[in-house]
Amino acid sequence: MANFYETGSTVTLRATFVDISGTPTNTEDMPTVTIYDGNFRKINTLTATLESTGNYKVDYLIPFGTTNSVYFYEFKGSLTGIIALNRDKFYARFGA
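If you're wondering where the values come from, they're calculated on a predicted model, not measured in any experiment.

Calculation notes
Residues numbered from 1 in each chain as written. Predicted model: local features only at pLDDT ≥ 70, side-chain atom pairs only at ≥ 80, totals over all residues. Heavy atoms only, no water. Helix = DSSP H or I, 4+ residues; strand = E, 2+ residues; numbered from the N terminus. Contact = heavy atoms within 4.5 Å. Buried < 20%, exposed > 50% of the residue type's maximum accessible area, 1.4 Å probe, protein only. Pairing = 2+ DSSP bridges. Axes fitted to C-alpha atoms, helices over the stretch in contact; angles between N-to-C directions. Polar contact = N/O pair within 3.5 Å; in protein donor to acceptor, adjacent residues only side chain to side chain.

Caption draft 1: Summary view of the environment of Ile-83. Structurally, Ile-83 is set in strand β8 (residues 82-93). Distance in space between the C-alpha atoms of Ile-83 and Thr-27 is 9.4 Å, their sequence separation being 56 residues. Leaving out residues up to four positions away in the same chain, Ile-83 has contacts with Lys-76, Gly-77 and Ser-78.

Laid out in structure tokens, this is it:
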């Protein structure tokens, strides 16, 4: 089931980074989170915060006037010098 959020809402985006054995592992620095529109144009870059070992989150306010569309987000961090990405999407729709 897709995640739908109304414009003007704050959505909490989460990602988990794991090592080669699948164990949650902290990244070397706080991951950056890039938000893209439905055409893969970058619209914002934020810094995630640590929730627990290997688990990160960021709160993103979906601006009013945002087009009803799919939005993509990408958590990017480094694990032992190797870039690790965690990607997903959410949907925004007009809210009153």
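Once the structure has been displayed, the description carries forward.
Caption draft 2: Representation of the side chain of Ser-78. Within the secondary structure layout, Ser-78 lies in strand β7 (residues 69-79). Since its relative accessible area comes to 18%, Ser-78 is described here as buried. Excluding anything up to four places from it in sequence, Ser-78 contacts Thr-27, Glu-28 and Ile-83.

Caption draft 3: Broad picture of the sheet that holds strand β1 (residues 4-6). Strand order in the open sheet formed by five strands is β1-β8-β7-β3-β4, and the pairing between neighbours is mixed. Since the sheet does not close on itself, it has two edges, and those belong to β1 and β4 (42-47), each with one partner. Sheet twist, expressed as the mean angle between neighbouring strand axes with direction ignored, is 30°. One ladder, built from eleven bridges, connects β7 with β8; its direction is antiparallel. The partner of Ser-69 across the bridge, within β8, is Ala-92.

Caption draft 4: A look at the pairing of β8. Relative to β8, β1 runs parallel, the two being bridged by three bridges. Within β8, the residue paired with Tyr-5 across the bridge is Ala-92. Remark: two residues form the turn of the hairpin made by β7 and β8, two consecutive strands paired antiparallel; Thr-80 in that turn has positive phi of roughly 50°.

Caption draft 5: Geometry of the pairing of strand β5 (residues 49-52). By the bridge criterion, three bridges tie β5 to strand β6 (residues 55-61) in an arrangement that is antiparallel. Bridge pairing in β6 links Thr-49 to Lys-57. Counting the residues in the hairpin turn of β5 and β6 gives two residues, including Gly-54, whose phi is positive at 80°.

Caption draft 6: Fine view of the side chain of Asp-37. Tracing the backbone through its elements, the reader meets Asp-37 in the loop between β3 (32-36) and β4. Among the residues examined, Asp-37 registers a relative accessible area of 11% and is labelled buried. Of the polar contacts made by the side chain of Asp-37, one reaches the backbone nitrogen of Arg-41; its length is 2.9 Å. With residues near it in sequence (within four places) discarded, Asp-37 still touches Ile-43, Val-70, Tyr-71 and Phe-72.

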